[in-house]
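Tertiary structure, described
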Amino acid sequence: MESFKQSSGDYVTRVLSSPADVPPSDWDRLLSLSDHPSPFMQHAYLSGMDASGCARPETGWTAQWLTLWRHDRLAAACPLYLKDHSYGEYVFDWAWARAYADHGLDYFPKALVAVPFTPVPGSRLLAVDQGTRKALVHALIEHVRNLGLSSLHLLFGSEDDIRACEDAGMMVRQTVQFHWQDHPPDGERWNGFDGFLGSLTQEKRKKIRQERRKVSDAGVTLRCVEGPNLSDSDWDFFQRCYQRTYAEHGNPPYLNAAFFDHVRRTMPQNWLLFIAEREGRALASSLIALDPQHRVAFGRYWGALERVDCLHFECCYYAPIEWCIRHGYQRFEGGAQGEHKMSRALLPVVTRSAHWLRHSAFADAVQHYLAREGAGMEAYLAHLAHRSPLKKPGQGAIDENSGA
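Heads up: these notes are all about the structure in this document. Computed from a predicted model, the values in this text were never measured in an experiment.

1. Here we look at the overall build of the chain
Counting its regular elements, the chain contains eleven helices and 17 strands. Relative to its 404 residues, the chain shows a buried fraction of 55%. If you sum the accessible surface of the chain, you get close to 17300 Å²; carbon and sulfur atoms cover 49% of it.

Set out below in structure tokens:
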């Protein structure tokens, strides 16, 4: 249902309260034009968050998708949510919220442009061109001002997104993730997993081989099934594992069975499941998302019903990387945080978010904080570069927004 519509310059701005109000073909057409598309920005994935109830007002995610139209044709769009908490975001601003509260000010609700519960870098501001993308950012800020909200945040944006946000005066924040990339020194593809291991230091090669051997010595084997071939029982087992992971930490899972059923039906080509078995009995699983067009894989969800030493590393890193090498995938993204991933040959990459605060004094304070945090981040990246698992020193952090 359309929240409101207004005209401004060459565009008509419409704020929509449901993903169902955006034609999927129009949304995905804009996504295909973006500099960093991903499966998680597909209409099917985002609409699954809404249709399943995972990202709805009841869970603190109120959709207000902002769209720009020119001559009744969608020219720009983004997944905008009003949030009354900061859960499920992975770029942490709890300290900012506490500072507001300490001064008797309301930080929530705030405005967020992001893919719910999905810390994967990529395009967030979909537009026919960069000029329209800039117009979209200005429309976002104007919308947030009109609602009297404290702030606007865009998480894990692409290079084009961040450039448009900076041009509009938004502040940029850096975080680090750890990704594996198929970049052999000689420019050729790795000759299998052993060829890849050959690029690592002797210590790291030995460690990885020992960890893989522990799994095989425990009598555990992995079965790999691509999305279209996954059975009902495969999906059911994965969901048991996924729910167990959250239960062990005393939290309800962010995503429910209805969401996984939705993406299973609407995006079957985008999933890969590793199932660990022993004596014919399944005991753990790891769900990987795939972008077949751009040859990128994403580590997403893991869970185990039984403990086996090093099985997490096998299901979540080694087996997916081996699969990527075998199938010509260029990158495997290991998800948010996790410095331990470096010893598994996932190297640091820079990700960026953009922030706008309506209160000028707080905006100044956050700007100073981000400057200090940025300096600390540079020192941290330099420290990580010295700990590279590669035989030859790399070039430090790969800038994810550069497309490297």
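2. A look at the pairing of strand β2 (residues 11-16)
Of all six residues making up β2, five are buried, and the element is well covered by its neighbours. Bridge count between β2 and strand β4 (residues 65-70): five bridges; the pairing is antiparallel. Pairing of V15 across the sheet is with L66, part of β4.

3. Remarks on the pattern of salt bridges
Across all of its chains, the model carries 25 salt bridges by this definition. Between D93 and K110 there is a salt bridge, with its nearest N and O atoms 2.7 Å apart. Placement of D93 in the loop between β6 (80-83) and α3 (94-102) and of K110 in strand β7 (residues 110-113) is noted, with a sequence separation of 17 residues between them. Residue D93 is classed as buried on the basis of its relative accessible area, which comes to 3%.

4. Considering helix α2 (residues 43-51)
Counting buried positions along α2 gives eight out of nine residues, so the element sits mostly inside the fold. Of all the residues in α2, the buried ones are H43, A44, Y45, L46, S47, G48, M49 and D50. Structurally, α2 contributes buried residues whose contacts are with α1 (24-32), β4, β6, α9 (257-266), β12 (271-278) and β14 (296-304). Following α2 by one or two positions, G53 adopts a phi angle in the positive range, close to 85°.

5. Quick notes on the nonpolar core
Counting residues in each nonpolar core, the largest one holds 50 residues, and the members touching the most others are Y45, L255 and F260. The greatest single-element share of this core, amounting to six residues, is contributed by helix α8 (residues 232-248). Those residues in contact with F260 that lie beyond four places of it in its chain are W235, F238, Q239, Y242, L255, L287 and Y301. Counting residues in hydrophobic clusters, the runner-up holds 42 residues, among them L290, V308, C316 and L384.

6. Notes on the side chain of Q239
Here Q239 is to be found in helix α8. When its relative accessible area of 11% is taken as the criterion, Q239 is described as buried. Not counting residues within four places of it along the chain, the set of residues in contact with Q239 comprises N256, A257 and F260.

7. Describing the packing of aromatic side chains
Evaluation of the coordinates by the stated rule reveals 26 aromatic pairs. We note R14 situated over the ring of W69; from NZ or CZ to the ring centre the distance is 4.7 Å. A cation over a ring is seen here: K83 above W61, with NZ or CZ 3.9 Å from the ring centre.

8. A look at the packing of α2 against α9
Here α2 crosses α9 at 155°, and the two axes come no closer than 9 Å. When the interaxial angle is binned, α2 and α9 end up roughly antiparallel. As for the relative orientation of α2 and α9, their crossing is right-handed in sense. Across the interface between the two elements, A44, Y45, S47, G48 and M49 from α2 touch F259, H262, V263 and T266 from α9. Here the residues of the contact of α2 with α9 sort into five nonpolar, four polar and no charged.

What counts as what
Starting from 1, residues in each chain are numbered consecutively following that chain's sequence as written. Whole-chain, interface and lining totals are the exception, using all residues; otherwise, since this is a predicted model, local features are given only for residues with pLDDT of at least 70 and side-chain atom pairs are given and counted only at 80 or more. Just so you know, side-chain values use all the structure's heavy atoms and leave hydrogens and water out. Helix and strand labels come from DSSP, where a helix needs a run of H or I of at least four residues and a strand needs a run of E of at least two; each type is numbered from the N terminus. Relative accessibility under 20% of the residue-type maximum defines a buried residue, over 50% an exposed one, and the middle range a partly exposed one, all with a 1.4 Å probe and only protein chains included. Note on areas: these come from Shrake-Rupley sampling with a 1.4 Å probe, and a residue is covered only by the protein chains present in the view. Between any two strands, pairing holds if DSSP finds at least two bridges. Throughout this description, the term salt bridge denotes a Lys or Arg side-chain nitrogen within 4 Å of a carboxyl oxygen of Asp or Glu. It only takes one pair of heavy atoms within 4.5 Å for two residues to be counted as in contact. For our purposes a nonpolar core is just a set of buried Ala, Val, Leu, Ile, Met, Phe, Trp, Tyr and Cys residues, chained together by side-chain atoms within 4.5 Å. Under the pairing criterion, centres of Phe, Tyr and Trp rings, with the six-membered ring standing for Trp, must be within 6.5 Å; the plane angle then separates stacked pairs below 30 degrees from edge-to-face pairs above 60, leaving the rest tilted. Think of it as a cone above the ring: NZ of Lys or CZ of Arg counts as a charge over the ring if it is within 6 Å of the ring centre and within 35 degrees of the ring normal. Geometry is summarised by axes, namely lines fitted to C-alpha atoms with helices restricted to the contacting stretch, and by angles between N-to-C directions that run from 0 to 180 degrees. Roughly parallel refers to an angle under 35 degrees, roughly antiparallel to one over 145, roughly perpendicular to one between 65 and 115, and oblique to any angle outside these ranges. Left-handed describes a crossing whose near helix is turned anticlockwise from the far helix through less than a right angle; right-handed describes the clockwise counterpart. Each residue gets one of three labels, nonpolar for Ala, Val, Leu, Ile, Met, Phe, Trp, Tyr, Cys and Pro, charged for Asp, Glu, Lys and Arg, and polar for the others, Gly among them.

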